[in-house]
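Overview (structure and organization)
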Amino acid sequence: MSGSNSYRLRCSLAAHEMDVRGLAAAAYPDGAFVSVSRDRTARVWVPNPSENQVFTEMHCMNGHSDFVSCVCIIDPNETYPRGLIATGGHDNNICVFSLDRPDPLFTLKGHKNTGHEDCVRGLAVINEVEFLSCSNDASIRRWMVTGECVQVYYSHTNYIYSLAVFPNGQDFISTGEDRTLRVWRKGECSQTIRLPAQSVWCCCILPDGDIAVGASDGVIRVFTESEERVASAQDLQAFEDELSKAIIDPKTGDLGDIKIEDLPGREHLNEPGNRDGQTRLIKEGSNVEAYQWSVSDGRWVKIGDVVGGSSQQNSKRVMYEGKEYDFVFSIDVNEGGPGLKLPYNVTDDPWLTAHNFLQKNELSPMFLDQVANFIIENSKGHTLGPAPATSTDPFTGAGRYIPGSGSGDQGFAADPFTGAGRYIPESGGSTGTVSSGGADPFTGGSAYSSSSLPKATTNIFFPSTDGVMFEQANSTQILGKLRELNNTAPADRKLSDAALDCLQKLLLVVTDLKSQEQPTAEQINVLWRTSHWPEDIVFPVLDILRLAVRHPEVNAQLCGGTEGASLCNHLLGLMSPESRPANQMLALRILCNCFSGSHGRALLLGHRDTVLSRAGDLRVVSNKNIHVALATLVLNYAGRLYGQPTEIEAKAQCLSVASTALEVVHDKEAVFRLLVALGTTVAGDSTAKDLARSLGVNSQISKYARVSDPAKVGECCRLVLDELQ
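All values reported here derive from a predicted model rather than from experimental measurement.

Sheet strands pair via backbone hydrogen bonds, and the direction of the pair is either parallel or antiparallel. Reading across from one edge, S5-S6-S7-S8 is the order of the four strands in this open sheet, with antiparallel pairing throughout. If you trace the sheet from one side to the other, it starts and ends with strand S5 (68–74) and strand S8 (106–108), each paired once. Neighbouring strand axes in the sheet, compared pairwise and without regard to direction, differ in orientation by 20° on average. Note: strand S7 (residues 94–97) against S8, three bridges, orientation antiparallel. Its bridge partner being in S8, Val-96 is matched across the sheet by Phe-106.

So, in structure tokens, the structure goes:
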């Protein structure tokens with residue numbers, strides 16, 4: 001295309017503080033649209049009449065407590081002549097806004113029988129007074145704009161990602177993580193179409209009534225009711241063959257409990273099904289195959305081979321609440337209290353299992369990493385079937401690589417509401433040293449426990465001098481994401497197979513504590529060069545760098561001499577306000593891990609003023625993982641300065657950064673680490689105590705003395721206040 005027929009840039013809008021997750025064109029005002037973002041806001045943009053190329057923000061709406069993932073525009077009616085805007089978020093809520101006020105007219109909260117019990121993933125308008133929503137809780141709900149839930153639809157067996165409504169305003173379609181497109185007629189699921197992909201992310205209805213769906217395998221498929229538009233027999237057979245080769249986990253589909261010895265043979269397929277989409281399992285030798293009834297074809301169509309149906313598993317399985325599991329773990333939440341049972345099958349996704357366990361027992365989602373890693377560690381060696389696909393849920397991270405999240409050998413966990421299944425830097429690992437027992441929910445190490453804390457007769461929190469590192473990793477997912485992004489890298493930045501091999505070997509060396517191998521100069525060289533990749537694809541390399549700087553050889557080479565100054569400047573660049581949050585977070589974690597070696601400690605103490613100044617600026621970013629990393633960096637500096645009364649200027653900066661961060665940080669783990677940093681800075685140093693009092697630290701932190709969940713925050717705060725008396 002060329003000339004007037006081609007699309008060219010009209011304008012770029014610095015619209016949100018974090019990534020934009022949804023857009024919708026608005027009927028009013030003319031030419032306007034709405035955006036929603038991880039910064040928890042929705043914004044209305046209108047064309048500027050004086051500057052044709054520019055859009056102006058007309059209205060900003062706030063009401064969600066977590067990031068906003070979807071939006072729809074409801075047409076004007078008599079009550080709301082300018083229409084309404086509905087948004088769905090990670091806080092499980094739907095907010096309905098007007099253009100007259102910044103706060104919601106209605107908040108549709110996630111409570112049983114009335115609202116969603118997990119994050120809202122999609123919205124679709126039915127008419128000017130009704131709309132649909134779908135959620136990770138596997139339900140679809142029909143709402144009045146005034147907030148009443150008038151109907152709930154169940155059929156999907158896993159997360160539901162998208163919805164689209166037919167022109168008749170009654171029937172609709174939905175897609176989800178159970179590999180299906182489902183067609184809903186008159187309130188019932190009338191057809192289920194399975195696809196040969198892990199996730200069916202999105203769907204729309206075309207003007208001719210056909211349905212288009214997009215899936216995790218990168219393919220868009222269009223389905224039609226029109227005989228004239230049906231694919232050729234050859235294409236239909238190819239689709240069916242592709243579907244038949246799929247591997248099905250029985251825990252993510254509607255296949256029920258499987259006991260291979262009780263399954264019928266192929267003769268069972270001679271009996272017709274009762275409804276379209278009905279699933280039937282048969283035994284074929286030692287394998288289990290799944291078939292689906294097709295009303296249009298009048299036959300059973302194979303939809304895949306089932307893993308997890310082996311009879312060998314049954315002999316060692318444990319019965320819990322009427323079902324058999326490979327494991328039933330007992331999780332002690334409170335010392336002296338009864339343990340909570342966590343059932344788990346080796347074919348389950350440990351991140352989803354952990355997420356469901358926390359939600360069922362009303363526990364904080366910040367412990368997702370801790371629980372998932374517990375499952376992984378205690379079920380090692382008991383795997384079944386292929387590894388999860390790397391293109392899973394961008395909201396929960398199931399089966400994907402999330403920097404700061406994961407599974408596997410040491411497992412990175414993701415924010416349960418931001419993802420697993422792909423790689424997104426989220427939460428990390430620690431060797432934590434100020435321990436009261438238990439694993440750190442952000443780092444997985446024995447850093448800080450939020451339960452079973454002793455009464456504050458002894459100060460178990462500070463001074464903290466050993467340093468806290470981010471050490472967890474899922475090497476398989478990191479390397480998988482690295483190779484995936486290398487395929488999309490600019491031609492002049494694409495890595496050769498030899499370079500990829502270098503990074504793979506380096507990662508294995510630095511994550512294997514028993515390895516006798518040493519990183520080579522070539523491997524470290526490749527790592528350094530690749531850490532300068534374009535900022536939108538560099539994050540898996542930064543994750544490798546985070547792990548590598550803990551190794552004495554890498555720490556010496558990258559942190560010593562002139563190379564150290566170059567590393568420091570590079571990380572400061574990644575922490576600039578314009579940089580991506582994932583890169584900002586990983587740069588902070590790399591700096592924290594540099595403290596593990598003498599060269600890294602010397603480097604950071606030498607550049608302390610610049611590093612802490614730039615890090616302190618990131619306190620305004622609304623990202624709890626950045627806040628935790630920032631707090632950890634301040635804590636590590638405080639630990640190195642402990643016992644050095646002459647370093648009052650450096651201690652003053654630590655006090656300043658920690659106290660200003662506490663003004664905006666809300667995450668309890670970040671708050672706790674900042675309190676430990678304050679306590680470590682003033683411990684045993686009367687000059688530092690006087691300085692802290694002059695900064696008003698006492699009054700600033702006193703509000704945390706009453707915090708009881710987690711108990712460590714209140715206990716630590718009281719100890720800091722005692723120190724400042």
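Glancing now at unusual backbone geometry. For the bond running from Phe-462 to Pro-463, omega is 5°, close enough to zero to count as cis. Topologically, Pro-463 is positioned in the loop between strand S29 (419–420) and helix H4 (475–488). The backbone phi angle of Ala-138 is positive, close to 70°, even though this residue is not glycine. On the secondary structure map, Ala-138 appears in the loop between strand S10 (130–135) and strand S11 (139–144). By relative accessible area, Ala-138 is classed as buried at 13%. Even without a glycine there, the phi angle at Arg-179 is positive, about 70°.

Strand order across the open sheet formed by three strands is S17-S18-S19, with antiparallel pairing between neighbours. In the strand order of this sheet, the two ends are held by strand S17 (200–205) and strand S19 (220–223), each with one partner. Neighbour-to-neighbour, the strand axes of the sheet open up by a mean angle of 20°, direction not taken into account.

Take the pairing of S5 next. If a strand is regular, its side chains alternate between the two faces of the sheet. Of all seven residues in S5, seven are buried; the element is thus mostly enclosed. For S5 and strand S6 (residues 84–89), the ladder comprises six bridges, and the chain directions are antiparallel. Residue pairing for S6: Cys-70 is matched across the bridge by Gly-88.

Let's shift gears to the layout of surface pockets. One number sums up the size of the second largest pocket: a volume of about 1200 Å³. Lining the second largest pocket are 39 residues, with Gln-191, Ile-193, Phe-223, Leu-236 and Ser-296 sitting closest to its centre. Where the lining of the second largest pocket is concerned, the elements lending two or more residues are strand S15 (180–185), strand S16 (188–194), S19, helix H1 (233–244), strand S22 (287–294) and strand S23 (299–306). The leading source of residues in the lining of the second largest pocket is H1, at seven residues. Of the residues in the lining of the second largest pocket, the class split is 16 nonpolar, eleven polar and twelve charged.

Let us look at the packing of aromatic side chains. Across all of its chains, the model carries eight aromatic pairs by this definition. With a centroid separation of 5.7 Å and an interplanar angle of 70°, the aromatic rings of Tyr-153 and Trp-184 are classed as edge-to-face. A residue pair is termed long-range when its members are at least 10 positions apart, and Tyr-153 in strand S12 (residues 149–154) and Trp-184 in strand S15 qualify at 31 residues. Trp-184 sits in the buried class, given a relative accessible area of 2%. With a centroid separation of 5.5 Å and 80° between ring planes, the pair formed by Phe-461 and Phe-672 is classed as edge-to-face. Taken together, the residues Phe-461 in the loop between S29 and H4 and Phe-672 in helix H15 (residues 668–682) connect sequence positions 211 residues apart. Side by side, Phe-461 and Phe-672 carry an identical accessibility label, which is buried. Among the aromatic side chains, those forming a connected cluster through ring pairs are Tyr-153, Phe-172 and Trp-184.

As a further point, take the packing of helix H14 (residues 648–662) against H15. For the pair H14 and H15, the least separation of the axes is 10 Å and the interaxial angle reads 155°. Compared by their axis directions, H14 and H15 come out roughly antiparallel. Handedness of the crossing formed by H14 with H15: left-handed. Side by side, H14 and H15 meet where Lys-651, Cys-654, Leu-655, Ala-658, Ala-661 and Leu-662 of the first sit next to Val-671, Leu-674, Leu-678, Thr-681 and Val-682 of the second. Tallied by class, the residues present in the contact of H14 with H15 amount to nine nonpolar, one polar and one charged.

What follows deals with the pattern of salt bridges. Counted under the stated rule, the structure contains 22 salt bridges. Measuring nitrogen to oxygen at the nearest pair gives 3.0 Å for the salt bridge that ties Glu-669 to Arg-673. On the criterion of helical spacing, the pair formed by Glu-669 and Arg-673 is a turn pair, its members being four residues apart in helix H15. By relative accessible area, Arg-673 is classed as buried at 0%. One salt bridge in this structure joins Arg-718 and Glu-715, with 3.3 Å as the shortest N-O distance. Taken together, the positions of Arg-718 and Glu-715, both in helix H18 (residues 711–723) and three residues apart, correspond to about one turn of that helix. Of the residues examined, Glu-715 reaches a relative accessible area of 9% and is grouped as buried.

Quick notes on the rules
Residues numbered from 1 in each chain as written. Predicted model: local features only at pLDDT ≥ 70, side-chain atom pairs only at ≥ 80, totals over all residues. Heavy atoms only, no water. Pairing = 2+ DSSP bridges. Helix = DSSP H or I, 4+ residues; strand = E, 2+ residues; numbered from the N terminus. Axes fitted to C-alpha atoms, helices over the stretch in contact; angles between N-to-C directions. Buried < 20%, exposed > 50% of the residue type's maximum accessible area, 1.4 Å probe, protein only. 1 Å grid on protein atoms, 1.4 Å probe; cavity = no way out; pocket = protein on both sides within 12 Å on 5 of 7 lines; lining within 4 Å. Points joined across faces, edges and corners; volume = space filled by probe spheres on them. Nonpolar A, V, L, I, M, F, W, Y, C, P; charged D, E, K, R; others polar. Phe/Tyr/Trp six-rings, centres within 6.5 Å; stacked < 30°, edge-to-face > 60°. Parallel < 35°, antiparallel > 145°, perpendicular 65-115°, else oblique. Left-handed = near helix turned anticlockwise from the far one by under 90°. Contact = heavy atoms within 4.5 Å. Salt bridge = Lys/Arg side-chain N within 4 Å of Asp/Glu carboxyl O.

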